[in-house]
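Single-letter residue listing:
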Amino acid sequence: MDEMFEKLQAVADRYDELNELISDPEIIADTQRFMKLSKEEGELRETVEKYNQYKKVTEQIKENNELLREKLDDDMDALVKEELKEQEAEKTSLEDEIKILLLPTDPNDDKNIIMEIHGAAGGDEASLFAVDLFNMYTKYAEKQNWTVEVIDKSETEVGGFKEIVLMITGNKVYSKLKYENGAHRVQRIPVTESAGRVHTSTATVGVMPEAEDVDIDIDPKDIRTDVYRSSGAGGQHINKTSSAVRMTHLPTGIVVAMQDERSQQQNRVKAMKILRARVYDYYQQQETDAYDAERKSAVGSGDRSERIRTYNYPQNRVTDHRIGLTLNKLDRIMNGELEEVIDALILSDQAAKLENLKNE
């Protein structure tokens, strides 16, 4: 506990220092530095507020205990004891909240994401389920006031997606959607099934934090870029120009092909955005794998081959296998009401981290 208070005092001291700095006219004039320091101040604010509440309630408990040592009449004694009971409960609650606020944060939590959804096992039905997942995440993003941009897509003849790549931008996108990495399984009667039998299909979801130049330095010499003519619908324009781009990151072998836009330059920009995110994710995953070899996270490794959730349509049921959560509200979840699932995953992750800290 003493160690926790040392940390808290250090956070409070840094918070006071930041408030002085962001009031300094010289720093206000330096927009970039001002924004960086303001962001740090905002991140510490809740922890400092909770710490101040904790100090206040601890002082109140001390005062009430001293009062009880004096000879009070019965009514006053009962009143002070009742107050103490409430204060002790508040103190315990604040301790739990502060422990969570002091947990190491994921440096990617504030980032936008690139999400890839692939129809996997199950043919046409898997590609149609990929569309349902795309709609689910789009509706959830709308509820969070995030922006969704389709970067690339490959459609099937039945109107499904072999693959769709999205950019989701907004406040703390990665912190909420990072748990969606993995294989999503659907159980339902396909529209093409005349006998009314339930089929099982899967789609995979990959969630990668958007990587900035400061996150990963990709040497241009490590990228081979090929340009070629786009294929598919679009009239004569497509056959006349080599606007499609294929980028290969030679050290990892990661390939990104982009022909969504009409100009080669636009395709280059989009391909580079995806390539940067995939390479960043690749190296991060290697670090995570090394860490997980020693201690496996309760919420799973984030591996796309890991089956994380089942969507059972006949029973209107969704089950998250990592935390054993089952909800009989599939219709609402597919309509973007993912909060209950995501909040449960965050809580489980926090509980696992607290347990790890105790064991260290």
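A quick note: this is a predicted structure, and the numbers were derived from the prediction, not measured.

## Examining the sheet that holds strand S3 (residues 161-169)
Next up, step 1: One open sheet accounts for eight strands, arranged S2-S3-S1-S5-S4-S9-S10-S11; its pairing is mixed. Among the strands making up the open sheet, the edge pair consists of strand S2 (147-155) and strand S11 (325-327). Each strand of the sheet is rotated relative to its neighbour by a mean of 15 degrees, with strand direction disregarded.
Next up, step 2: Its contacts with the sheet put helix H5 (residues 123-143) on strand S1 (113-119), S2, S3, strand S4 (182-188), strand S5 (199-209) and strand S9 (307-312), and the angle it makes with S4 is roughly 110 degrees.

## Focus: the pattern of salt bridges
Next up, step 1: This model, assessed by the stated rule, comprises 18 salt bridges.
Next up, step 2: The salt bridge partner of lysine 39 is aspartate 110, with a shortest N-O separation of 2.9 Å. Of the two residues, lysine 39 is situated in helix H3 (residues 31-69) and aspartate 110 in the loop between helix H4 (74-101) and S1; the sequence distance between them amounts to 71 residues.
Next up, step 3: Overall, lysine 39 belongs to the partly exposed group, its relative accessible area being 47%.
Next up, step 4: Of the charged contacts in the structure, one is a salt bridge between arginine 322 and aspartate 320, with a shortest N-O distance of 2.8 Å. Here arginine 322 and aspartate 320 have matching classes, each one buried.

## Side note on unusual backbone geometry
Next up, step 1: Positive phi, close to 55 degrees, is recorded for lysine 172, a residue that is not glycine.
Next up, step 2: Along the polypeptide, lysine 172 turns up in the loop between S3 and helix H6 (173-177).
Next up, step 3: Classification of lysine 172 by relative accessible area gives partly exposed; the value is 36%.
Next up, step 4: In this structure, asparagine 316 is a non-glycine residue whose phi angle is positive, near 50 degrees.
Next up, step 5: With respect to the helices and strands, asparagine 316 occurs in the loop between S9 and strand S10 (317-320).

## Observations concerning the sheet that holds strand S6 (residues 223-228)
Next up, step 1: Taken together, three strands build an open sheet; the order of strands is S6-S7-S8 and the sheet is antiparallel. The sheet terminates laterally at S6 and strand S8 (254-258), the two strands that pair on one side only. Neighbour to neighbour, the strand axes of the sheet diverge by 15 degrees on average, direction disregarded.
Next up, step 2: As judged from the five bridges shared by strand S7 (residues 244-249) and S8, these two strands associate in the antiparallel manner. When the bridges of S8 are listed, threonine 248 appears paired with valine 255.

## As for the confidence of the model for the chain
Next up, step 1: Summing up the model confidence of the chain, the mean pLDDT is 81 and the portion of residues at 70 or higher is 85%.
Next up, step 2: Segment residues 233-239: pLDDT under 50, and eight contacts once partners within four positions in sequence are set aside and those in other chains are kept.
Next up, step 3: For residues 293-298, every residue scores under 50 in pLDDT, and the model assigns this stretch eight contacts once sequence neighbours within four places are set aside.

## Side note on H3
Along an α-helix, residues three or four apart share an orientation, since each turn contains 3.6 residues.
Next up, step 1: Its 39 residues place the ends of H3 56 Å apart at the C-alpha level, agreeing with the 57 Å of an ideal helix rising 1.5 Å per residue.
Next up, step 2: A maximum bend of about 35 degrees is found in H3 at arginine 45.
Next up, step 3: When we look at burial in H3, the residues that qualify are Leu37, Glu41, Leu44, Thr47, Val48, Lys50, Tyr51, Tyr54, Val57, Ile61 and Asn64.

## So, the packing of aromatic side chains
Next up, step 1: Inspection of every chain in the model, using the stated rule, returns three aromatic pairs.
Next up, step 2: Here phenylalanine 129 and tyrosine 311 contribute two aromatic rings whose centre-to-centre distance is 5.3 Å and whose plane-to-plane angle is 65 degrees, an arrangement assigned as edge-to-face. Here phenylalanine 129 is found in helix H5, whereas its partner tyrosine 311 is found in strand S9, with 182 residues between them in sequence.
Next up, step 3: A relative accessible area of 0% means that tyrosine 311 is categorised as buried.
Next up, step 4: Taking the centre distance of 5.6 Å and the plane angle of 85 degrees together, the rings of tyrosine 140 and tryptophan 146 count as edge-to-face.

## Considering the nonpolar core
Next up, step 1: With 36 residues, the main nonpolar core has Met115, Ile117, Leu133, Tyr137, Leu177 and Tyr311 as its most contacted residues.
Next up, step 2: For this core, the elements supplying multiple residues, two or more each, are S1, H5, S3, H6, S5, S11, helix H9 (330-333) and helix H10 (339-359).
Next up, step 3: For this core, the element with the highest residue contribution is H5, accounting for nine residues.
Next up, step 4: Look past the residues within four positions of tyrosine 311 in its chain and what remains in contact with it is Phe129, Leu133, Met136, His184, Arg185, Val186, Gln187, Arg317, Val318, Leu330 and Met334.

The rules behind each value
Residues numbered from 1 in each chain as written. Predicted model: local features only at pLDDT ≥ 70, side-chain atom pairs only at ≥ 80, totals over all residues. Heavy atoms only, no water. Pairing = 2+ DSSP bridges. Helix = DSSP H or I, 4+ residues; strand = E, 2+ residues; numbered from the N terminus. Axes fitted to C-alpha atoms, helices over the stretch in contact; angles between N-to-C directions. Contact = heavy atoms within 4.5 Å. Salt bridge = Lys/Arg side-chain N within 4 Å of Asp/Glu carboxyl O. Buried < 20%, exposed > 50% of the residue type's maximum accessible area, 1.4 Å probe, protein only. pLDDT = per-residue confidence, 0-100. Expected span 1.5 Å × (residues − 1). Bend = angle between axes of the 7 residues up to and from the residue. Phe/Tyr/Trp six-rings, centres within 6.5 Å; stacked < 30°, edge-to-face > 60°. Core = buried A, V, L, I, M, F, W, Y, C linked by side-chain atoms within 4.5 Å.

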